[in-house]
Amino acid sequence: MPRITFVTTDGTRKNVDVPEGETLMRAAIDNQVDAILGECGGACCCATCHVYLDAGSMARLPPVSDMESQLLAFTAAERRPGSRLACQLVADRQFDGLVVDLPPTQL
Ligand code: FES
């Protein structure tokens, strides 16, 4: 089972074991990662599951879809090159060891 580390803006780290096939948004909510809201339930229409990945992680994950890219234009926190929507990231073995930085706000 892939282990993901969520990091808040104050540096607090939380390790979460995410079952393959589960989205990072669902895993974060189920494990009380407060910075992920997921208001639309994963329908890719709220952008409250915005996260940041480093360049190495971005390269090993599926690319941003057109729909995800369009929604990333409306995030509360600034969009960066490593911006992703956690509801669009479905865990598999490639995710093991992933470090996910959380934005300062989702609202
Ligand atoms: S949960 Fe709404 S866009 Fe990800």
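Located above this text is the structure these notes cover.
About the thresholds
Residues numbered from 1 in each chain as written. Predicted model: local features only at pLDDT ≥ 70, side-chain atom pairs only at ≥ 80, totals over all residues. Heavy atoms only, no water. Helix = DSSP H or I, 4+ residues; strand = E, 2+ residues; numbered from the N terminus. Rg over C-alpha atoms; globule rule 2.2 N^0.38 Å. Buried < 20%, exposed > 50% of the residue type's maximum accessible area, 1.4 Å probe, protein only. Contact = heavy atoms within 4.5 Å. Areas by Shrake-Rupley, 256 points an atom, 1.4 Å probe, with all protein chains shown as cover. Lys, Arg positive; Asp, Glu negative; His and termini not counted. Charge placed at Lys NZ, Arg CZ, Asp CG, Glu CD. Phe/Tyr/Trp six-rings, centres within 6.5 Å; stacked < 30°, edge-to-face > 60°. Lys NZ or Arg CZ within 6 Å of the ring centre and 35° of its normal. Salt bridge = Lys/Arg side-chain N within 4 Å of Asp/Glu carboxyl O.

**Let's talk about the overall build of the protein chain**
Then comes step 1: Check the secondary structure of the protein chain and you find three helices and five strands.
Then comes step 2: The order of helices and strands in the protein chain, counted from the N terminus, is β-β-α-β-α-α-β-β.
Then comes step 3: In terms of overall size, the protein chain behaves like a compact globule, its C-alpha atoms giving a radius of gyration of 12 Å where 107 residues would be expected to give roughly 13 Å.
Then comes step 4: Counting only C-alpha atoms and orienting by the principal axes, one finds that the protein chain spans roughly 30 × 25 × 25 Å.
Then comes step 5: Across the 107 residues that make up the protein chain, the buried fraction comes to 42%.
Then comes step 6: If you take every contact in the protein chain between residues at least 6 apart in sequence, the share linking residues at least 24 apart comes to 63%.
Then comes step 7: Carbon and sulfur atoms form 49% of the exposed surface of the protein chain, whose accessible area is close to 5,600 Å².
Then comes step 8: Taking the average place of the 9 positive charges on the side chains of the protein chain and the average place of its 14 negative ones, the gap between the two points comes to 3 Å.

**A look at unusual backbone geometry**
Then comes step 1: In this structure, Cys 44 takes a positive phi of about 60° despite not being glycine.
Then comes step 2: Within the element layout of this structure, Cys 44 appears in the loop between helix 1 (24–30) and strand 3 (50–52).
Then comes step 3: With a phi close to 65°, Ala 47 is a non-glycine residue in the positive phi region.
Then comes step 4: The exposure class of Ala 47 is buried, given its relative accessible area of 3%.

**Some remarks on the packing of aromatic side chains**
Then comes step 1: Scanning all chains against the criterion turns up zero aromatic pairs.
Then comes step 2: Across the ring face of Tyr 52, the terminal group of Arg 80 is positioned such that the distance to the ring centre comes to 3.9 Å.

**Comments concerning the pattern of salt bridges**
Then comes step 1: Under the definition given, this model contains four salt bridges.
Then comes step 2: Put simply, Arg 80 and Glu 78 hold a salt bridge, and the shortest N to O gap is 3.2 Å.
Then comes step 3: Glu 78 gets classed as exposed once you look at its relative accessible area, which sits at 51%.

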